[in-house]
Amino acid sequence: MTAKLVLACSVCGSRNYSVPSNRNQSARLEIKKFCNKCNAHTLHKETK
């Protein structure tokens, strides 16, 4: 069983994506992805 990271939109805060985790990294993951609520590509950050 692999752990998953949840990504939340930095603009509206909705949690849109989950990705498999790579626990070798120390910093939080930040990816630019499409948000359905904002209807735009925004920065998504890893949540706890």
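- Looking up the protein chain in an unreviewed UniProt entry gives the name Large ribosomal subunit protein bL33, with the organism given as Rossellomorea oryzaecorticis.

**Regarding the sheet that holds strand 4 (residues 40-46)**
Phase 1 of the analysis: Taken in spatial order, the four strands of this open sheet run 2-1-4-3, and their pairing is antiparallel. A strand with exactly one partner marks an edge of an open sheet, and here the two such strands are strand 2 (15-20) and strand 3 (30-35). Strand-to-strand twist across the sheet, computed as the mean angle between neighbouring axes with direction ignored, equals 40°.
Phase 2 of the analysis: Where strand 1 (residues 4-9) lies against strand 2, five bridges are found, and the strand directions are antiparallel. For Lys4, the partnering residue across the bridge sits in strand 2 and is Pro20.

Definitions and cut-offs
Residues numbered from 1 in each chain as written. Predicted model: local features only at pLDDT ≥ 70, side-chain atom pairs only at ≥ 80, totals over all residues. Heavy atoms only, no water. Pairing = 2+ DSSP bridges. Helix = DSSP H or I, 4+ residues; strand = E, 2+ residues; numbered from the N terminus. Axes fitted to C-alpha atoms, helices over the stretch in contact; angles between N-to-C directions.

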